[in-house]
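Examination of the molecular architecture
The lines below spell out each chain.
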Amino acid sequence: MILLFLILIPLVSGLLSFVIQSEQVKSLAIVSSLATMVVSIILAFVFQNETAFLEIPWLQGMGASFALKAGGISIFMALLTGIVYFILFISRLQVKLPNLNRYIGLLLLTQAGLMGVFLAHDFLLFYFFWELALIPMYFLASQWGDENRVKVTFKFFVYTFLGSLFMLAGLIYLYLQANQSFQYEHILAAANQLDASTQQWMFWLVFIAFAIKMPLFPFHTWQPDAYETTETSSTIVLSALMVKMGLFAVIKWLLPLFPEGTAYWSSTVIVLSLIGIIYASLIAFVQKDIKRVIAYSSIAHIALMNLGLFMNTESAIDGVMYQMFNHGITVTGLWLLMSIIENKYKTRNMSQMGGMAKLAPTASIFLVILAFSNVGLPLTHSFIGEFMIFNGIMQSAFDNHILFMVLAGSGIILSAMYMLRLVQKVAYGKVPKQVESYVEAKDISTPEWIGLGLVLLIVIVGGIYPNVFMQVFL
Amino acid sequence: MKEFIYLIPLFPLLGFLINGLFWKSMPKKLAGGIGTVAILASFILALVNYFQLDPNSSGYTFTLFEFITAGNLQIPFSFKIDQLSSLFLLIITGIGTLIHLYSIGYMSEDKGYTKYFAYLNFFVFSMLLLVMGGNYAIMFIGWEGVGLASYLLIGFWFENKSFTNAGKKAFIMNRIGDLGFLVGMLLVLYHFGTIEYEQLFATMPQQGVPTSTMNFIAFAFFIGAMGKSAQIPLYTWLPDAMAGPTPVSALIHAATMVTAGIYMIARSSVLYNLAPYAQDFVAIIGIATALVAASIALKQNDIKKILAYSTVSQLGYMFLALGVGSYVGGVFHVMTHAFFKALLFLGAGAVIHNLSGEQDIRNMGALAKKMPITHITFLIACLAIAGIPGFSGFFSKDQILVAAYAKNPIYFYLGLLGAAMTAFYMFRLYFLTFSGKYRGNLKESEIHESPKVMTIPLIVLAVLSVIGGYIGLPHLFGADHKLANFLQPVVEDFQIGDVAASTEWFLMGLSVIVVLIMIFLAKSQTKTGIIKEEKGFGKFLQEAWYVDEVYQAIIVSPLKELSQFFSQVMDKNIIDGVVNGFGKMVQAGSNRLRLLQNGQVGFYFFVFVIGIFVLLVLGLWYFPTI
Amino acid sequence: MPINYYVFLSLLLFAIGMAGVLVRRNAIIVFMCVELMLNAVNLLMVAFSKYYGMSEAQVFVFFIMVVAAAEVAVGLSIIVMVYRKIHSTDINLLNRLKH
Amino acid sequence: MELYEIVFWLLSFMTVSCALGVILSKSPVNSVLFLIATFFSLSGHYVLMNAQFLAIVNIIVYAGAIMVLFLFVLMLMNLNKDTEPQKRRLLQAAGLISGGALFLVLIAALRTVSMDAAVIDGSSEIGLLENLGMVLFSDFVLPFELSSVLFLSAMVGAMVIAKKDKLPQKENSTENISNNFKNIR
Amino acid sequence: MKPLIAAAVFGVLMMFASLNVKEKRNLSNFANILFLILLGINIWEFVEVYKHGASIEAFKGMIIYSPLSVWFNTLIVALSLFYSLYNARGIERVGVHVGEYYSLIFFMLVGAHLLSVYNHVLILFLGIEIISIPQYILAGADKRNLKSSEASLKYFLMGAFSTGITLMGLTLLFGGTGTFELNAMDFSEWNYMMLTGVIFLLISFGFKVSAAPMHIWTPDVYDGAPTAFAGFMATVVKASIFMAFVNIFIHFYELKDVWQALIAIVIVLTLLIGNITAVYQQSVKRMLAYSSIAQSGFMLFAVYASDAIAVKGIVLYAIAYTLATLMLFGVLSHMKDQTYDGFNGLSKKEPFVAFALTIALLSLTGIPLTAGFFAKFYMLQAAFNTGIDYTLYLVLFALLMSTVSVYYYFRLIWAMYFKIGNPILNFEISKAQKAILALGLVLIIVVGIYPDVLFFFL
C-alpha cells in the first residue's frame, strides 16, 4: 500500500494544483514532495529488507495488472526521485514564473510517472508510466524556458517517442511469447526462452528506447539543446531523474530479459559508451554555454554508467546503481547553481563571467564542491560510485578490460578539464567590465542555501560513509 | 595510542571544518591559531605514536569503519601505522606546524586569511590520510585530496587568471597521474583480490603473478607518482604552482605533497621488487628528471622558480634512489629534503614578503645585512642541498649516489652532474640574493627582518637541516644507519650490490670536490650581479626546454582543435545532421508526395487503375503460393 | 457456349468501361462508362446464374439495376449542380482542391 | 455452327463495338445512343441465356429510363457537341492501354479456371418471372425493403442537391466562381 | 432488427419533420432525441442478443446478429449521438435542408447496421451503397461553396467507379464459389476466379476506407465537404466499413497467403502517404484528412490479421479514433481560419477546449493513458499474432510512421499552447458543447486506462 502512496501523492497533488490559482500552490508542492520523500525514505530505510509488493487487478483480459514492486534499485531510484523533488521545490521557492500552478502541476505529474517507472512490475504498466513521465515533460519544456524551447523540445519528444515505440514493438512481441501476460516473471521466463538470434534483435528493439533516453552516443543530440533551453526545474527533472529511467530500465528489464542478446551486443554497446565518454567530455571542454557544459558532462557520466552496466560484473552494476543516485543529486545541485549564475550574470556565456568568488562566495563554494563531486573526487559520493564502476570494468571478463578501464578512466581527466574550466571562468578572475553594471552582487538566498546544503550533505555523507545509501539496494 | 590514532587526521579536519564553516565570522587571529593548534596537536600525537611504536613489529592496521562493502568488494576505512607512516606523520605534522606558524605572519595582511588556513588544514588532513591509509583506496583519497588542496591554494589569489590557470594545470596533470594510480590499484585488486597493504604484501610474492603483469602494475602506479611528484613528463605543473602563497609552496610543493609519490613507491616496495623493468624505468625517469630540471634551474631568475626546479630535480634523485632499490635512501632524502627545501622556501618567502612581493633575483642583492636570520638559515639550507659534508643533504644524497653507483656507474656520474648543477644554481641564487649590491627599487631602509613568528620556523628548520642527516650516517663512518634500522620491519633496500669502502670514499670525495668547484664558479659568475640576456642554449634552458610550448603544440592545441571539431562539425552537422536529416527528408518527401494530389479526377482515376493493376498482378502472379 | 466466353466478354466490356473512365473528361460520359462496367457485371452474373442454375443471381442483377438507378439519380443531380456553377462538365476543370 | 452460336457471336460483336463507340465517339449524344445499343445487345444475351425477365427489365429500366435521363440531362446542358478538347492524346492512349492491360491480366488469370459447362442450352426455368418473383419476395425480402431506403436517400439527396436554395451568398459566391471559370475557359 | 427498422423510420420521420418544422434548432433537437431513442433501441437489442447468447440468424441467413456485431452497432449509434450532439450547430449552418441532412444520416446508420451484421453479399453491397450515396450528397451539401460541390462530384465519380469494382469482385466471388452466403463459401479448393474476386473486394474496400493507392479521393473530399459532415464521414462511416472489411476477410482466411501480402503492401503505402503528406499541410482540415488515411493504415492491421483480436481491436480503434477525430472536427467547424495558424493561442482563449483537443491529439498519436494507445496496441498485437516473418518490419515501419505523425499532431498542440494569437471563432463554443467535449475526454481516458470496459461481455 505504501507503494501506491508514492504514485498517488504526486499524482493527486499534481492534478490539484491545476485547480489552485494562488500562491498556495507552492506550499502544496512542498508538502506533497516532502510527503513523498518521507514515504520513500520510510520505504528505503525502514522496510529495506522486505520487498514491498502490490498488485491490483487491472486488465485481466489482457493479462496485465497494476503491479508495483519495490526492492533494491527500484526503491533507491524512488528515494532519489523523492529527494530531488523536495530539493527542487524547496530551493526554487522564490522563483517567479507565469502559470506557476500549471508548472508545478506538470512537475508533480512527471514525478508520478517517474515513480511509476521505477516501481512498475508489469511490462505494460511500465510502458504506461514511461510515457506518462514524458508527456508532462513535453509541456513543461515547451512552455517554460528559452525562446528556442518549442522546437528543441519537440525534437526531444519525437526522438524519445520513437524509442519508446520500438520498445512497444518489443513489448508486444514478448507479450505474445509469454502467452499474453505482462507480468514481470512471465515476461522474464518467455524472454529467456527465446533463441539467441531472436534475443539479438529483440535486444535492440528494447535497448534503443533506453539508449535514447539516457542518452547514449550517438543518440544524444537532443539532450544538450533540451537542457540548454528548458527551465531549471525541468532541466533538473530531465537530467537528474529522467535519464536515469533509461539506466534503470536496462538494469531491471533489459539485462535480465535478454542475457544472450546482451552478451552478443555488449561489445558494441561498450564501444559506443567509451566513445560517448571521451567524445562528450571533449565537447564539454570547448562549450561556451555553462548549461551545455553540464549537459555534455552528463552525457559522459551516463555513458560511463552505461558502460558499467554491460560489464556483467557485480561491482560495476552496484556501482552504477549508486552512481545513478549520486549523479542525480550532484547534477541537481549543479543545475541549481547554473540557474543562480545565470540570474546573476544575465547570460550563460562563460566568457562574460568571472569573479563570482568575490560576488557570491557561498555560491562559489557550492560550485567548487559540486564541480569536484562531478569530477569524482574522493570524499564525494561520486568517487565511490565511479570507483566501483571502474573496479567492475577491471574485474570483467573481457579481454580488453584494462583498455576499457583506461579509456573510461580518461573521463576523470577530461572531466577535471572541463569542470575546472567552468569553475575558473565563472568563479575566478575579475568581474568583466561589460557586465559589471548589472551583475547582482548578492549571494544565494536562504531557500537555495537549504536546497544546496541538502545536496552537499548527501554528497559528503555518501562519499564518506556510502553504506548509509548503499544498504538500500545491496 | 592505537585506539586514538584517528585523532591525528581528525584535528586538522576539525580545524578545516571550523575555519571553513565559519569563515565569515571568524576573527583573523583566531583562525590562524585554530589552524596552527590543530596541526600542532596532530604533531604531538604523532610524536606519541612514534615513541609508542614497537620497533620490531611491522606496525598495525586500525579499521575505523567499513568504507565500501558491495558484493565481493570490501574496502575498510583503515589506517596502517608502521615505521614508514609514522616517519611521514612526523615530517608532515612537524613541518606543517612550522609552516602554519610562519603563515600567521606571512599571510597577516591577506583578505582570505581564514580561507587560507582552512585550505591548509584540509591539505594536512588529506596528506595524513594519504600516509596513514591502510589500503590504496584510502591513500587515493588522500592523494586526490592533496591535489584538491594544492589546486585551491595555487589559485588562492583567484582574481589573477594565470594563478588559477596554474592551479588548473596542476590538478589536471595530477589527474593524469591519478588515472595511473587508479589503474594500478584496480589491477592489484583484480589480481590479488585485496588492496589492504597487510594482506596484500604478505602474500604478494607467493601469488605467482607473472612478472610482466607486475611490471605493468608497478608502471601504472609510477604514472601516478609521476603526476604527483612532478617527474618527466608530468613535471611542468610544479614550477607554475609557485603562483600560490610561498608557505604553500614550502609545505605542499616542496616538503610534503610532492613526496607522496616516493611514499607510495616505498610503500609498494614489495611490488616494485617484483617488477624489475618498472624499477629500471623509475630510475631512468628519476635521473632524467633530476638532470633536466637542474639544467633549467641554472638559468632561471625567479627565486621561486629556481626552488621549484630544484625541487623537481631533487625529487628525481629520490626516484633514482627508489629505482635502484634504495628505498631507505629515498625516504631519507625525502626527510632531509623536506627540512632544507621548506627552509629555502620559507626563506625565499621571507625575502619576497619583505621586498613587497618581488621575486626576481635580478632585483635583489645585499640582503644579508638587512635580514641576518633569513640569510644564515638560507645559507645553511643551500649548503645542505648542495651536499656539503656535515649537512643533512650530504648524507642522503651520498647514500643515493652510492646506491646508484652500485646499480650502474652511469647513474652515479649523471647524478653527480646533477649535484654539480644543483650546487651551482643554488649558490648563484644565494649570491645574487644576499651578497653584492641591492639592485631593487625599494628604499633600503624599508627592508627589514621578518617578525618572530616567521623567523622561529626558519631557525628550527635550519637546525633540522643540519642535524637531520645524522640519523642516517653511512656505514662507512662506522655508525649505525638509524633510519635504515628503524624502517627495517617495513621497507628494506633491495639488491644493492656492495661497493668497496675505498670506492665509496672516492665517490664521496669526488662529489664534494665537484660541488665545491661549482660553488666557486657560482661565486665568480655572480660577482657583478648583472645577468646577461640569454642566447642560444642558455635561452633554451631559460625557457625550460620549451616543454610547455611543445605540450601546447602537440597535445593541448590538437585536443582543443579536436574538441572544436567534435563540437562544431561532428555533433552539430554530422550526428545531429543525420537526425535532423530525417526530419528534413520527411518534409521534403511530404512536399513531393503532396503533388500526387493534383486535384484532377482524371489523374485520380489513373492512380486508382494503376493501383488495381499492380495489386492484381502481384496478387495473381507473384504471391499465389497456396 | 461455354461460360468462359461470357466471362471474357464481360471482362472485355468491363475493361472498355474502365478505359472509358480514363479516357473521357466529360463527367456524364465518365459516368456512362461506369454504367457500362456495371452492365458487364450484370452480364457475368446472369451467365453465372445460368451456370449454377440459381435464380438468386438474377435477382442480384435486379438489385444492381436498382442501385444503378439510384446512383444515376444522385449522380446526375450532382453533375447538374456543378454544371450550374461552372457551366461545364469537364472533370479536370474542377481542381480547386489539391495538394 | 449452331444458330445460337451465330447469334452469340453476332451479339458479342455488337456489344463490344457499341461499347467502344461509347468511349470513342466525340459527341456525348452519340455516346448515349451507343450505350443504349449496348444495352439492347446485352438484353439479347440475356434472352440467349433464358433470362427473359431481366432482358425486359434491362431494356425498360436501363435503356428506357436511365439512359433517357442521361440524354435529358445532356440536352438540358446543351452539350451536344464535343466538349473535350483533344489535347492529351498521350493520356488517352495511356487510358486505353491501361484498360487493355487490365483486361489481359484478368483474362490470363481466369483462363485457367476450367468452367466449360454450356450456359446456352435453352432449357432453364430459372429466368422465368414466376421463379424470380418467388425468390425476390421470399428470400430477398430484406434487400427488397432495403432498396426502398436506398431510393429514399437517393430521392432526398437528389432533392437536396438539385434544388436551388434561397440563401444569402457567402463570400466566395457562385457567380464570381462561374465567372472565373468562364475566364479560364 | 429493431434498430434497423428504427433507423429507417427515423430517417423518414426527419424527412417529414423538415416539411413541417421551420426552426432549424428544433430540427436538430428532434434529431438528437431520435438518436437517443435509437441508441436505446440498440441497447435493448443488444441486451436481447446478449441474453440469447449465441448468434441469431435472420432472413434465411442473410444477416446474423452476434453480440459483438450488435455491440459494435450500439457503439456506432452512440458515437453518432455524440457527433450530432456536438455538431448540431455546425450542421444547422451548412445549408437549408437540415432535416434532410439528418434523415440522410439516419439512412447511413441503416447502412452501418447492415455492414456489421451481413452474411449475404447482397446485403453487404446494399449496405455499402446505402452508406455511400448519402455521403456523396452530404459532401456537396454546402452549395454556396464550390469546393463542396467539387468534393461531391469527385467523390461520386470515384465512388461509382469503385461500385463497379465491388460488384465485379462480388460476382467473381460468386462465380468461384457458387454461393452468396459468406458462411457457405468454401475456399478449400481455390481457383483464380475467387482469388480475383477477393482482390477486387480488397481494392474496393480499400477505396472505401481510403487505403493507398485507392486513397486519392480522400483529402479532396474531406477537405471540400462541410466540416460537420466530413467529421462524420471520416469517423463513423469509416469505422463501420472497416468492420465489414474485417468480417469479410475473416471468411477468406484460406486465401490469406495472397491477400495478406497485398494488404501488407497497402499498409505500407497507406502509412507512408498518409503520414508523410500530412506533414506539409497547412490546413488542419486537410491534415485531418491525411491523418485519417494514416489511421486507416493502422486499422488495416486488423484486416491483415483478421482474427478475433483484430475484431476487438477494430472496436477499440473505432472508438478511439472516432472520438478523437470527432472532437477535432467538431472544434474545427468553429474556426474561421482552418489552418494551423488559426489555432494559435487557443489555450488562452478556450483553455478547456484546447486541453480536450490536446488529449484527442495525444490519443491519435497513440500515447498511453489515452484510448489511442490500446487501439494501436491491439492492432500491433493482432499483426504479430499472424506470425508472418515480415510482420516485424511492417510493425517497425508503422511505428516509424507513428513518429512522423507526432509531427503534425503536435504541431496543433504547439499552435494552441506555445504560439501567440487570437483565434477567431465563427460561432461560440457553447457550454453544452464543452460538456460533450468533456464527455469525449473522459471516454478517451477511461478507455485508455481500462479498455476492457468495451469488452465486458466477451
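Reading the values: rules and limits
Throughout, residues of each chain are indexed from 1 in the direction in which the sequence is written. Going through the entries in the order they are written, you letter the chains from A and number the ligands from 1. Side-chain atom pairs in this predicted model are given and counted only at pLDDT of 80 or more, local residue features only at pLDDT of at least 70, and totals for whole chains, interfaces and linings cover all residues. Excluded from the side-chain calculation are hydrogens and water; included are all heavy atoms of the structure. Residues are treated as being in contact if the distance between any of their heavy atoms lies within 4.5 Å. A 1.4 Å probe defines the accessible area here, and the buried area is the portion of it lost by two parts on being joined, summed over both. By definition here, a salt bridge exists when the distance from a side-chain nitrogen of Lys or Arg to a carboxyl oxygen of Asp or Glu is within 4 Å. In the analysis that follows, any N or O atom pair within 3.5 Å is treated as a polar contact, provided that within protein one partner can donate a hydrogen and the other can accept it, and provided that, for residues neighboring in sequence, both atoms belong to side chains. The helix count covers DSSP runs of H or I at least four residues long, the strand count covers runs of E at least two residues long, and both are numbered beginning at the N terminus. Residues were grouped as follows: Ala, Val, Leu, Ile, Met, Phe, Trp, Tyr, Cys and Pro as nonpolar; Asp, Glu, Lys and Arg as charged; and all remaining residues, including Gly, as polar. Accessibility here uses a 1.4 Å probe with only protein chains present; expressed as a share of the type maximum, an area under 20% marks a residue as buried, one over 50% as exposed, and anything in between as partly exposed. Side-chain atoms within 4.5 Å link the members of a nonpolar core, which is a set of buried Ala, Val, Leu, Ile, Met, Phe, Trp, Tyr and Cys residues. Whether two strands pair depends on DSSP finding at least two bridges between them. Comment: axis = line fitted to C-alpha atoms, over the contacting stretch for helices; angle = value between 0 and 180 degrees taken between N-to-C directions. Our angle categories are set so that under 35 degrees counts as roughly parallel, over 145 as roughly antiparallel, 65 to 115 as roughly perpendicular, and the remainder as oblique. Note on convention: near helix rotated counterclockwise from far helix by under a right angle means a left-handed crossing. Clockwise means right-handed. A helix is expected to span 1.5 Å for every residue after the first. To pair, rings of Phe, Tyr and Trp, with the six-membered ring standing in for Trp, must have centres within 6.5 Å; the planes then decide the type, stacked if under 30 degrees apart, edge-to-face if over 60, and tilted in the middle. Note on criteria: charge over ring means Lys NZ or Arg CZ within 6 Å of the ring centre, with the direction from the centre no more than 35 degrees off the ring normal. Each patch groups residues whose relative accessible area exceeds 30% and which form no salt bridge, using 9 Å between like charges and 5 Å between nonpolar side chains of Val, Leu, Ile, Met, Phe, Trp and Tyr. In short, Shrake-Rupley with a 1.4 Å probe defines the accessible areas, and a residue's cover is counted only from the protein chains shown. What pLDDT conveys is the predictor's confidence in a given residue, as a value from 0 to 100.

Where interface size is given, it is often the accessible area lost as the parts come together that is meant. Taken together, the contacts link 52 residues of chain B with 64 residues of chain A. Between chain B and chain A the total buried area reaches about 5,200 Å² when both faces are included, carbon and sulfur atoms providing 73% of it. Scanning the region where chain B abuts chain A turns up 2 salt bridges. Ionic pairing is found between Lys358 of chain A and Glu159 of chain B, a salt bridge with its closest N-O pair at 2.7 Å. At the surface where chain B touches chain A, the tally comes to 18 residue pairs in polar contact (both at pLDDT 80 or more). Ranked by residues supplied to the side of chain B that touches chain A, first place goes to helix 6 (residues 161-192) of chain B with 16 residues. For the side of chain B that touches chain A, a count of residues per class yields 32 nonpolar, 9 polar and 11 charged.

Before going further, it helps to examine the side chain of Ser85 of chain B. Residues and elements named next belong to chain B. The topology assignment puts Ser85 in helix 3 (residues 83-106). A distance of 3.0 Å separates a polar side-chain atom of Ser85 from the backbone oxygen of Lys80. Apart from residues lying up to four places away in sequence, Ser85 is in contact with Lys80, Val131, Tyr263 and Arg267.

Residue and element names in this part refer to chain A. All chains considered together, the criterion is met by 30 salt bridges over all chains. A salt bridge links Glu228 to Arg348; the nearest nitrogen and oxygen atoms lie 3.3 Å apart. Here the residue Glu228 occupies a position in helix 9 (residues 222-229), and Arg348 occupies one in the loop between helix 13 (314-345) and helix 14 (356-359), the gap between them amounting to 120 residues. Look at Glu228 and you get buried, because its relative accessible area is 17%. Here the salt bridges share partners, and the residues they tie into one network are Asp146, Asp225, Glu228, Asp289, Arg292, Glu342 and Arg348.

Another point: the nonpolar core. Judged by nonpolar contacts, the single largest core of 787 residues is most densely connected at Leu124, Phe207 and Phe210 of chain A together with Phe161, Phe343 and Phe377 of chain E. Among the elements that make up this core, the one with the highest residue count is helix 3 (residues 55-86) of chain C (20 residues).

Put simply, side chains in a regular strand alternate between the two faces of the sheet. Residues and elements named next belong to chain A. Note that strand 1 (residues 52-59) and strand 2 (residues 64-70) share 7 bridges and pair antiparallel. In the sheet register, Ile56 faces strand 2, and the bridge partner there is Phe66. Where strand 1 folds back onto strand 2 in an antiparallel hairpin, the turn is made up of 4 residues, including Gly63, whose phi is positive at roughly 80 degrees.

For the rest of this paragraph, the subject is the interface of chain D and chain C. Contacts between the two partners involve 89 residues from chain D and, on the opposite side, 74 residues from chain C. Interface of chain D and chain C: buried area, both sides summed, is about 7,500 Å²; carbon and sulfur atoms make up 77% of it. Inspection of the chain D/chain C interface yields 0 salt bridges. Counting the contacts that link chain D with chain C gives 9 residue pairs in polar contact (both at pLDDT 80 or more). For the side of chain D that touches chain C, the secondary-structure elements that each account for two or more residues are helix 1 (3-24), helix 2 (28-48), helix 3 (52-77), helix 4 (89-110), helix 5 (129-138), helix 6 (141-162) and helix 7 (174-184) of chain D. Here the residues of the side of chain D that touches chain C sort into 58 nonpolar, 19 polar and 12 charged.

Right, let's get into the packing of helix 1 of chain D against helix 2 of chain D. Residue and element names in this part refer to chain D. Running from N to C, helix 1 and helix 2 cross one another at 155 degrees; their axes reach a closest spacing of 8 Å. In terms of orientation, helix 1 lies roughly antiparallel with respect to helix 2. Viewed along their axes, helix 1 and helix 2 form a crossing whose handedness is left-handed. Contacts from Tyr4, Val7, Phe8, Leu11, Ser12, Met14, Thr15, Cys18, Ala19, Gly21 and Val22 of helix 1 reach helix 2 at Ser31, Phe34, Leu35, Ala37, Thr38, Ser41, Leu42, Gly44, His45 and Leu48. Looking at the contact of helix 1 with helix 2 residue by residue, the class counts come to 13 nonpolar, 8 polar and no charged.

The next point concerns helix 13 (residues 276-298) of chain B. A rise of 1.5 Å per residue sets the reference length of helix 13 of chain B, with its 23 residues, at 33 Å; its end C-alpha atoms lie 33 Å apart and thus fit the reference within 8%. Burial within helix 13 of chain B is extensive, with 17 of its 23 residues counted as buried.

A few words on the packing of aromatic side chains. If you walk through the whole model with that rule in mind, you get 144 aromatic pairs over all chains. When the ring of Tyr155 of chain E is compared with that of Trp217 of chain E, the centres are 4.6 Å apart and the planes differ by 5 degrees; the resulting orientation is stacked. Placement of Tyr155 of chain E in helix 6 (residues 146-177) and of Trp217 of chain E in the loop between helix 7 (192-208) and helix 8 (218-224) is noted, with a sequence separation of 62 residues between them. Consider the rings of Phe298 of chain E and Phe301 of chain E, whose centres lie 5.8 Å apart with planes at 55 degrees: the pair is tilted. With Phe298 of chain E and Phe301 of chain E both in helix 11 (residues 284-305) and 3 residues apart, the pair spans about one turn of that helix. Overall, the relative accessible area of 0% leaves Phe301 of chain E in the buried class. Among the aromatic residues, those joined into a ring-pair cluster are Phe605 and Phe608 of chain B, Phe31 of chain C, Phe70 of chain D together with Tyr136, Tyr155, Phe156, Phe161, Phe207, Trp217 and Tyr222 of chain E. Sitting over the face of the ring of Trp44 of chain E, Lys2 of chain E holds its NZ or CZ atom 4.7 Å from the ring centroid. In this structure, Lys419 of chain E is placed above the aromatic ring of Trp414 of chain E, and the distance from its NZ or CZ to the ring centre is 5.9 Å.

Residues and elements named next belong to chain A. Taken together, Leu34, Val38, Ile42, Val46 and Phe47 make up a surface patch of nonpolar side chains, about 370 Å² in accessible area. Along the chain, Leu34 turns up in helix 2 (residues 24-46). With relative accessibility at 36%, the residue Leu34 sits in the partly exposed group.

Now for the confidence of the model for chain C. Across chain C, the average pLDDT comes to 89, with 99% of residues at or above 70. Quick note on the complex model: pTM equals 0.91, ipTM equals 0.91.

Apart from glycine, the bulk of residues carry a negative phi angle, and the bulk of peptide bonds sit in the trans form. Of note, the bond from Met214 of chain A into Pro215 of chain A is cis; its omega dihedral lies within 30 degrees of zero at 0 degrees. Considering the arrangement of structural elements, one finds Pro215 of chain A in the loop between helix 8 (196-213) and helix 9. Between Phe217 of chain A and the following residue, Pro218 of chain A, the backbone shows a cis peptide bond with an omega angle of -5 degrees. Position of Pro218 of chain A among the secondary structure elements: in the loop between helix 8 and helix 9. The backbone of Ser210 of chain E shows a phi angle near 55 degrees, a positive value even though the residue is not glycine. One can find Ser210 of chain E in the loop between helix 7 and helix 8. With a phi close to 45 degrees, Ser306 of chain E is a non-glycine residue in the positive phi region. By secondary structure assignment, the location of Ser306 of chain E is in the loop between helix 11 and helix 12 (308-332). Owing to a relative accessible area of 3%, Ser306 of chain E belongs among the buried residues under this scheme.

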